[in-house]
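# Analysis of the macromolecular model
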Amino acid sequence: MSRNVILRIATKVLCPNIFLFALYVQFHGDYGPGGGFQAGVIMAAGFVLYALVYGLERTQGVFPPLWGHVSMASGAFLYAGVGVVTLLLGGNFLDYNALAVDHHDGQHWGIFTVELGVLLTVFGAMISIFYAFAGRRGLD
Amino acid sequence: MILTEFVDIALLALLAITGLALLKIRDLVAVVMLGGIYSLLCAGLFLVMDAPDVAITEAAVGVGIATVLLVGALTLIEREERPSQHSRALPLVVVLFTGAMLTYGILDVPPFGEADNPVQEHVTPRYLEEQEEEIGVENVVTAVLASYRGYDTLGETTVIFAAGIGVLLLLSGRKERRAGSEEDAS
């Protein structure tokens, strides 16, 4: 852990804002620039910043490596799952129109869910790769 | 209009300066930081070219994550780059040849942002005109990415998933083995 008080306090102030911004980029992706990919990377960057200042051990206490693996796998599963659900509902693979009566609603639900899948996979992959690199000879 | 051109020239000039500095500097930490700056300048250029989605990605991946991963890699190796023992003639020829070919290719590229460019005439008009009715999402980029091109994005997500698994298999396994062998040695 860094002994530098300024760095530690600045990180404490920045981290929640980075997470909030990641969620904004995720859920505002329908209206402005952004989406699952960008949000996942920003979210992972928040944890990376925390790990650089407070050390890998403390970060893995907050967010265990296993969660990253689960997030990575469940994101891809969720995305492909939407495709299977649309198939079962009588549409084509990833044809979101089948998800709701009104096709605009269906598209919204489909895009929302697959973007969530992208977020989970990108975030999980980024944080897992970071843990794997940093764990070889700690960044602490 | 003049302002955009000024910003373009300033960003490209800084990009060239950063590239030259990357060649000269031997301190690897500084090289990694300059790499991050290079990415940030690219993100700025993407923003000027009206591609905020790409700019955010470049800023987050190129500046943030890539820099951190390279710094992580630096903790495993020396800080100074060793001067190369090989002759510089061959790399120079390769670079000059590639540069010449790229410049030759650029001559055929239509001017940036023209209305009758091939990129504006293929599927783009259809996406822009029908998106409102078919998808109903404000951001057309999101509509194309997640709905029209849903298969592609599923593929990209799978690639990222596979990359994550690959890195985990390569790095996590070896660490345990090495920890074991160190114990044996002591």
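Going by the structure above, here's the rest.
### Description of the packing of aromatic side chains
All names here are of chain A. For the structure on display, the rule yields 12 aromatic pairs over all chains. Judged by centre distance (5.6 Å) and plane angle (25 degrees), the rings of Phe 27 and Phe 112 are stacked. Here Phe 27, found in helix H1 (residues 5-27), pairs with Phe 112, found in helix H5 (residues 103-136); they are 85 residues apart in sequence, far enough to count as distant. Their ring planes at 50 degrees and their centres at 5.1 Å tell us that Phe 47 and Phe 63 sit as a pair that is tilted. Here Phe 47 is found in helix H2 (residues 36-54), whereas its partner Phe 63 is found in the loop between helix H3 (56-62) and helix H4 (65-88), with 16 residues between them in sequence. Like Phe 47, the residue Phe 63 is buried in the burial classification.

### Some details on the side chain of Thr 59 of chain A
All names here are of chain A. Tracing the sequence through the fold places Thr 59 in helix H3. What makes Thr 59 buried here is its relative accessible area of 1%. Engagement of the side chain of Thr 59 in a polar contact is seen with the backbone oxygen of Gly 55, the distance being 2.7 Å. What Thr 59 contacts, discounting residues up to four positions off in sequence, is Phe 47, Tyr 50, Ala 51 and Tyr 131.

### So, the interface of chain A and chain B
A common measure of how large an interface is: the accessible area buried when the components associate. Each partner contributes residues to the interface: chain A has 44 residues there, and chain B has 40 residues. Both sides of the chain A and chain B interface together cover about 3,900 Å² of buried area, and 73% of this is carbon and sulfur. Summed over the shared surface of chain A and chain B, the number is zero salt bridges. The element best represented in the side of chain A that touches chain B is H5 of chain A, accounting for 19 residues. Of the residues in the side of chain A that touches chain B, the class split is 28 nonpolar, 12 polar and four charged.

### Here's the deal with a negative patch on the surface
A contiguous patch of negative charge on the surface is contributed by Glu 129, Glu 130, Glu 132, Glu 133 and Glu 138 of chain B. Tracing the backbone through its elements, the reader meets Glu 130 of chain B in helix H6 (residues 124-134).

### Describing a nonpolar patch on the surface
Residue and element names in this part refer to chain A. Together, Leu 20, Leu 23, Phe 27, Trp 109 and Phe 112 line one region of the surface with nonpolar side chains, adding up to about 530 Å² of accessible area. Where the nonpolar patch is concerned, the elements lending two or more residues are H1 and H5. Looking at which element gives the most residues to the nonpolar patch, the answer is H1, with three residues.

### Digging into the environment of Tyr 96 of chain A
By the secondary structure assignment, Tyr 96 of chain A is in the loop between H4 and H5. By relative accessible area, which is 0% here, Tyr 96 of chain A ends up buried. Each C-alpha atom, one on Tyr 96 of chain A and one on Val 82 of chain A, is 8.3 Å from the other, the two residues being 14 residues apart in sequence. In contact with Tyr 96 of chain A, other than residues within four places in its own chain, are Tyr 79, Val 82, Thr 86, Gly 106, Gln 107, Gly 110, Ile 111 and Val 114 of chain A together with Ala 146 and Ser 147 of chain B. A distance of 2.6 Å separates the side chain of Tyr 96 of chain A from the backbone oxygen of Ala 146 of chain B, its partner in a polar contact.

About the thresholds
- All residue numbers here refer to positions counted from 1 along the written sequence of the relevant chain.
- Working convention: letters from A go to chains and numbers from 1 go to ligands, in the order in which they are written.
- Residues qualify for local features only when their pLDDT is at least 70, as the model is predicted, and side-chain atom pairs are given and counted only at 80 or more; totals for whole chains, interfaces and linings, by contrast, use all residues.
- The basis for every side-chain value is the complete set of non-hydrogen atoms in the structure, without hydrogens or water.
- Stacked, edge-to-face and tilted are the three classes for Phe, Tyr and Trp ring pairs, Trp counted by its six-membered ring, which pair at centre distances within 6.5 Å; planes under 30 degrees apart are stacked, over 60 edge-to-face, the rest tilted.
- Under the DSSP-based scheme used, a helix requires at least four consecutive residues in state H or I and a strand at least two consecutive residues in state E, with every element numbered from the N terminus.
- Relative accessibility decides the category of a residue: with a 1.4 Å probe and only protein chains considered, values under 20% of the type maximum give buried, values over 50% give exposed, and everything between is partly exposed.
- Two N or O atoms count as a polar contact when they lie within 3.5 Å, although within protein this holds only if one can serve as hydrogen donor and the other as acceptor, and sequence-adjacent residues are included solely when both atoms are side-chain atoms.
- We call two residues in contact when some of their heavy atoms are within 4.5 Å.
- Note: buried area is the sum, over both parts, of the accessible area (probe 1.4 Å) each one loses when the two are combined.
- Only one rule defines a salt bridge in this text: a Lys or Arg side-chain nitrogen within 4 Å of an Asp or Glu carboxyl oxygen.
- In this classification, the charged set is Asp, Glu, Lys and Arg, the nonpolar set is Ala, Val, Leu, Ile, Met, Phe, Trp, Tyr, Cys and Pro, and all remaining amino acids, among them Gly, are polar.
- Patch criteria: residues need more than 30% relative accessible area and no salt bridge. Like-charged residues are merged within 9 Å; nonpolar side chains of Val, Leu, Ile, Met, Phe, Trp and Tyr are merged within 5 Å.
- Each accessible area is a Shrake-Rupley estimate made with a 1.4 Å probe; only the visible protein chains count as cover when residues are assessed.
- Charge assignment in this entry is limited to Lys and Arg as positive and Asp and Glu as negative, and neither His nor the chain termini are counted.
- For the purpose of locating charges, the reference atoms are NZ of Lys, CZ of Arg, CG of Asp and CD of Glu.

Remember that the coordinates give geometry; whether it matters functionally is a separate question.
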